[in-house]
Amino acid sequence: MKPNFQEKKATQVAAMFLKFGGGKMNYMKLIKLMYLVERSALLEWGRPVTYDYYVSMPHGPVLSETLDRINEGAAPDSDSYWVEYISASSDYQVSLLKAGCSEELSEAEDELIERIFKEFGDWNPWELVDYIHKNIPEWVDPKGSSIPIEYHSIFLAGGRTHRDAELIESEIEDLAVMSNLLG
């Protein structure tokens with residue numbers, strides 16, 4: 001069991017990247033930057049930021065729920081935090097609709113987002129795709145489809161042992177149980 005997707009946190013991560021990028025960004029670049037934040041958080045802290053679902057797609061890993069928000073917006077008759085702050089995609093771009101807040105993000109998460117942007121923010125989307133294909137071992141070419149990326153494979157790719165990966169995954173599952181019990 002995984003904790004539920006944290007739409008507010010995903011929105012706030014995206015909003016920070018869009019703010020750093022001048023308010024507008026190619027959505028493929030945004031999704032790659034967000035994946036790099038998730039991956040770094042998992043490897044550094046043993047937990048993700050948004051609890052999104054990761055999948056390998058032809059152009060690299062993506063955050064599945066976040067990509068759905070970009071491509072489809074909010075479900076009908078639902079309150080979506082995302083659509084308040086991030087525009088629908090147009091010409092492969094998304095824009096910041098209003099100044100984002102980051103009250104859901106910790107100071108460490110803010111610093112991680114800023115660090116990822118400083119390292120990769122000037123790269124174009126295709127440079128990021130190429131980098132990820134060569135340097136992110138958990139990504140597997142899905143041959144035109146998509147393949148789930150599990151935490152375990154990220155931990156192993158990041159140099160953790162199987163045992164360490166299992167222990168961290170168990171802690172994340174315990175968090176999911178607690179989160180679901182508390183609603």
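### Comments concerning the layout of surface pockets
Considered as a void within the structure, the largest pocket measures approximately 270 Å³ in volume. In this structure, the largest pocket is lined by 14 residues; those nearest its centre are Tyr-27, Met-28, Lys-32, His-59 and Leu-67. Elements supplying a minimum of two residues to the lining of the largest pocket: helix H2 (27–45), strand E3 (60–63) and helix H3 (64–72). Looking at the lining of the largest pocket element by element, the count peaks at four residues for H2. Among the residues forming the lining of the largest pocket, the class breakdown is nine nonpolar, four polar and one charged. Going through the elements one at a time, strand E5 (147–149) and helix H8 (162–182) are the ones with two or more residues in the lining of the second largest pocket.

### Examining a nonpolar patch on the surface
Together, Val-177, Met-178, Leu-181 and Leu-182 make up an exposed nonpolar region whose accessible area comes to about 450 Å². Among the structural elements, Leu-182 can be located in helix H8.

### Some points on the side chain of Arg-69
Mapped onto the secondary structure, Arg-69 falls in helix H3. The class for Arg-69 is buried, based on a relative accessible area of 18%. Arg-69 has contacts with Phe-5, Glu-7, Ser-80 and Trp-82, leaving out every residue within four places of it along the chain.

### Things to note about the pairing of strand E2 (residues 54–57)
Where E2 and E3 come together, four bridges link them in antiparallel fashion. Following the sheet pairing, Met-57 is matched in E3 by Gly-60.

### Observations regarding the packing of H2 against helix H6 (residues 125–135)
Close contact between H2 and H6 brings their axes to 8 Å; oriented N to C, the two are set at 40°. As the angle between them shows, H2 and H6 are arranged oblique. Where H2 crosses over H6, the two elements pack in a sense that is left-handed. Judged by residue contacts, Met-28, Lys-29, Lys-32, Leu-33 and Leu-36 of H2 engage Pro-125, Trp-126, Leu-128, Val-129 and Ile-132 from H6. Among the residues forming the contact of H2 with H6, the class breakdown is eight nonpolar, no polar and two charged.

### Here we look at the environment of Leu-128
Counting through the fold element by element, Leu-128 comes out in helix H6. Using a relative accessible area of 0% as the deciding quantity, one classes Leu-128 as buried. Those residues within four positions of Leu-128 in sequence are excluded, and the remaining contacts are Lys-29, Lys-32, Leu-33, Leu-36, Phe-120 and Trp-123.

### Details of the packing of aromatic side chains
Enumeration according to the criterion identifies nine aromatic pairs in this entry. Ring plane angle 85° and centroid distance 5.4 Å describe the contact between Trp-123 and Tyr-131, whose orientation is recorded as edge-to-face. Looking at Tyr-131, the relative accessible area reads 25%, which means it is partly exposed. An aromatic cluster is defined as three or more aromatic residues linked by ring pairs; in this entry it consists of Phe-17, Phe-20 and Phe-117. Its guanidinium or amino end placed over the ring of Tyr-85, Lys-98 lies 4.9 Å from that ring's centre, counting from NZ or CZ.

Conventions we followed
Residues numbered from 1 in each chain as written. Predicted model: local features only at pLDDT ≥ 70, side-chain atom pairs only at ≥ 80, totals over all residues. Heavy atoms only, no water. 1 Å grid on protein atoms, 1.4 Å probe; cavity = no way out; pocket = protein on both sides within 12 Å on 5 of 7 lines; lining within 4 Å. Points joined across faces, edges and corners; volume = space filled by probe spheres on them. Helix = DSSP H or I, 4+ residues; strand = E, 2+ residues; numbered from the N terminus. Nonpolar A, V, L, I, M, F, W, Y, C, P; charged D, E, K, R; others polar. Patch = residues over 30% accessible without salt bridge, like charges linked within 9 Å, V, L, I, M, F, W, Y side chains within 5 Å. Areas by Shrake-Rupley, 256 points an atom, 1.4 Å probe, with all protein chains shown as cover. Salt bridge = Lys/Arg side-chain N within 4 Å of Asp/Glu carboxyl O. Buried < 20%, exposed > 50% of the residue type's maximum accessible area, 1.4 Å probe, protein only. Contact = heavy atoms within 4.5 Å. Pairing = 2+ DSSP bridges. Axes fitted to C-alpha atoms, helices over the stretch in contact; angles between N-to-C directions. Parallel < 35°, antiparallel > 145°, perpendicular 65-115°, else oblique. Left-handed = near helix turned anticlockwise from the far one by under 90°. Phe/Tyr/Trp six-rings, centres within 6.5 Å; stacked < 30°, edge-to-face > 60°. Lys NZ or Arg CZ within 6 Å of the ring centre and 35° of its normal.

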